[in-house]
Structures are given as C-alpha cells and as structure tokens.
Amino acid sequence: DSKSECSTVTANTSLETREPSAAAWYSWLMSPALAGSSKVSVDAAMLRKALSDLNSGDVEIRRRARDILSMAPIGMVPQILGHLRANARNYRVSLGISVALTEMLRRDKALGARIDLSPADINVFLTLASDDDRTLRVYAGEFLHDLGSPMVAKAAIERAAALGKSAAMDNARFNLI
C-alpha cells in the first residue's frame, strides 16, 4: 500500500542527501495514492535527480522525471531553465524539459505570467520550437504560446520571418507563428 511505499522511501533516504533510492522513490511517486496528483512536494534533491534522470536509457524513468519536473514549484523553474540552457543540444533533456514545463502550464495557465524567460531562454525555446523533430517543436511551441508573453511573440515572429524557404522551414514557421 502507499503508506508502506512512503515508509520505503523514508527508510531508503539518507539524512544527509535526502535522496531516496530510485526504485523506492519512483514506486512511491507513482503509487495509487498519488496517481494524477499535482500535490507532490518537489525538493532540491528530487529536482537534481529528475534533471539527471532525463538522460536515462529507461523510457519509464525519463517519463517519471518529466512528471516530477512538471510538479516543481515555480521557484525552481530558473534552475530547470539553466539545465536546459546548459544541455540544449541534448534531445532527451530538451524534450523532457519542454514536456515538463508545458505540463506545468497545462495544469495552471496562470503560472505562465510568473515564468520570467531571459533572452537566452527565449532563444533556446525558439530553436526547439523550430526543430526538425515534430514532438519537440509541438511541446516547445505550446510552452511559448502558453506563456502569453509579448516579448516571446515578437521574437517568434522575427525568427519565423528570417527562416528560409523549404518544407522543414514551413513547419518551423507554422509552429512559431
């Protein structure tokens, strides 16, 4: 049951790092008691683990890492964005963070006004929103759209106007506009 799973997490948690073993942590996080809940309290150790797990070879671990990142408090978004800037060429990280931030805004659109993107962040997301990979384009584009930022809209229009003429660029332009 979920209480014993929570006990497992506590039992496998070091007092110094407060990081549970991956199996116990994911078992607890995905327990029936928490299924569909956005009430999981993400702390700094969970955030670091989730960011690291975006590179896992296991699709389930990556999916759960995205779920955890999407439940992070708004105050952790700058750290998430910093990880994206540092790893923007890593497909798993770019997709994982795009999915997580999009899911965060799907749950609460009002958070969009509280996310302050730097010009570097905007550039990274515009690049992702015009990527050849459709899935990455869609998530990054939805995130940018849901921010509702005039600064992002202006930058997206300028980027779309500067794109060349090709089918791939037409897809990117459509997604940016």
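Everything discussed here concerns the structure shown above.
Residues numbered from 1 in each chain as written. Predicted model: local features only at pLDDT ≥ 70, side-chain atom pairs only at ≥ 80, totals over all residues. Heavy atoms only, no water.

## What about helix 6 (residues 91–107)?
Working step 1: Here helix 6 contains 17 residues, and its C-alpha end-to-end distance of 24 Å stays within 8% of the 24 Å for a straight helix at 1.5 Å per residue.
Working step 2: Most of helix 6 is tucked away, with twelve of its 17 residues classed as buried.
Working step 3: All buried positions along helix 6 are accounted for by Val93, Ser94, Leu95, Gly96, Ile97, Ser98, Val99, Ala100, Leu101, Thr102, Met104 and Leu105.
Working step 4: The secondary structure elements touched by the buried residues of helix 6 are helix 3 (44–53), helix 4 (59–70), helix 5 (77–86), helix 7 (119–129) and helix 8 (134–147).
Working step 5: Between the side-chain oxygen at the start of helix 6 and the backbone nitrogen of Arg92 there is a gap of 3.0 Å, and the oxygen is on Asn90. (Helix = DSSP H or I, 4+ residues; strand = E, 2+ residues; numbered from the N terminus. Expected span 1.5 Å × (residues − 1). Buried < 20%, exposed > 50% of the residue type's maximum accessible area, 1.4 Å probe, protein only. Contact = heavy atoms within 4.5 Å. Polar contact = N/O pair within 3.5 Å; in protein donor to acceptor, adjacent residues only side chain to side chain.)

## Some thoughts on the packing of aromatic side chains
Working step 1: Considering all chains together, one arrives at one aromatic pair under this definition.
Working step 2: Arranged with centres 4.6 Å apart and planes meeting at 40°, the rings of Phe125 and Phe143 form a pair that is tilted. Of this pair, Phe125 sits in helix 7 while Phe143 sits in helix 8, placing them 18 residues apart in sequence.
Working step 3: For Phe143, a relative accessible area of 0% gives the class buried. (Phe/Tyr/Trp six-rings, centres within 6.5 Å; stacked < 30°, edge-to-face > 60°.)

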